[in-house]
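# A structural walkthrough
Here are the chains, one letter per residue:
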Amino acid sequence: MLLKTFFVISVPQIFVRPNDVKKQADEAKMRFAHIDGDHLTLLNVYHAYKQSKYRLADRTLPRKCV
């Protein structure tokens, strides 16, 4: 867990907020938000990425959903 936490705090900002879709970007980020802060939000993103990668390998999730 400590290594994963280090990983997520050592990367540049992963969330983007284009001017024309700010509301949608904020809503998408909120799906990963954690009450205890940004570090755990990034950890949620990492876990979602890992799950989607495994689902893609099993072909149970269309690529456009990731």
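Residues numbered from 1 in each chain as written. Predicted model: local features only at pLDDT ≥ 70, side-chain atom pairs only at ≥ 80, totals over all residues. Heavy atoms only, no water.

Time to look at the overall build of the protein. Along its length, the protein carries 3 helices and 0 strands. In the protein, the succession of α and β elements from N to C terminus is α-α-α. Expressed as a percentage of the 66 residues in the protein, the buried residues total 12%. For the protein, long-range pairs separated by at least 24 residues make up 42% of all intrachain contacts whose partners lie at least 6 apart in sequence. Accessible area of the protein: about 5,800 Å², with a carbon and sulfur share of 58%. (Helix = DSSP H or I, 4+ residues; strand = E, 2+ residues; numbered from the N terminus. Buried < 20%, exposed > 50% of the residue type's maximum accessible area, 1.4 Å probe, protein only. Contact = heavy atoms within 4.5 Å. Areas by Shrake-Rupley, 256 points an atom, 1.4 Å probe, with all protein chains shown as cover.)

In the structure shown here, the tally under the stated rule is 1 salt bridge. Across the pair Asp26 and Arg17 runs a salt bridge whose closest N-O atoms are separated by 2.8 Å. Take Asp26: its relative accessible area is 31%, and that puts it in the partly exposed class. Of the residues examined, Arg17 reaches a relative accessible area of 49% and is grouped as partly exposed. (Salt bridge = Lys/Arg side-chain N within 4 Å of Asp/Glu carboxyl O.)

Looking now at the side chain of Thr41. Structurally, the position occupied by Thr41 is in helix H3 (residues 38–58). With a relative accessible area of 4%, Thr41 lands in the buried category. Excluding its chain neighbours within four sequence positions, the residues that come into contact with Thr41 are Phe15, Phe32, Ala33 and His34.

Per-chain confidence: the protein averages 76 in pLDDT, with 62% of residues scoring 70 or above. Mean pLDDT across the elements of the protein bottoms out in helix H1 (residues 2–9) (62) and peaks in helix H2 (residues 22–30) (91). (pLDDT = per-residue confidence, 0-100.)

Once that is clear, we can look at the environment of Lys29. The residue Lys29 is located in helix H2 in this model. Between the C-alpha atom of Lys29 and that of Val45, which follows or precedes it by 16 residues, the distance is 9.1 Å.

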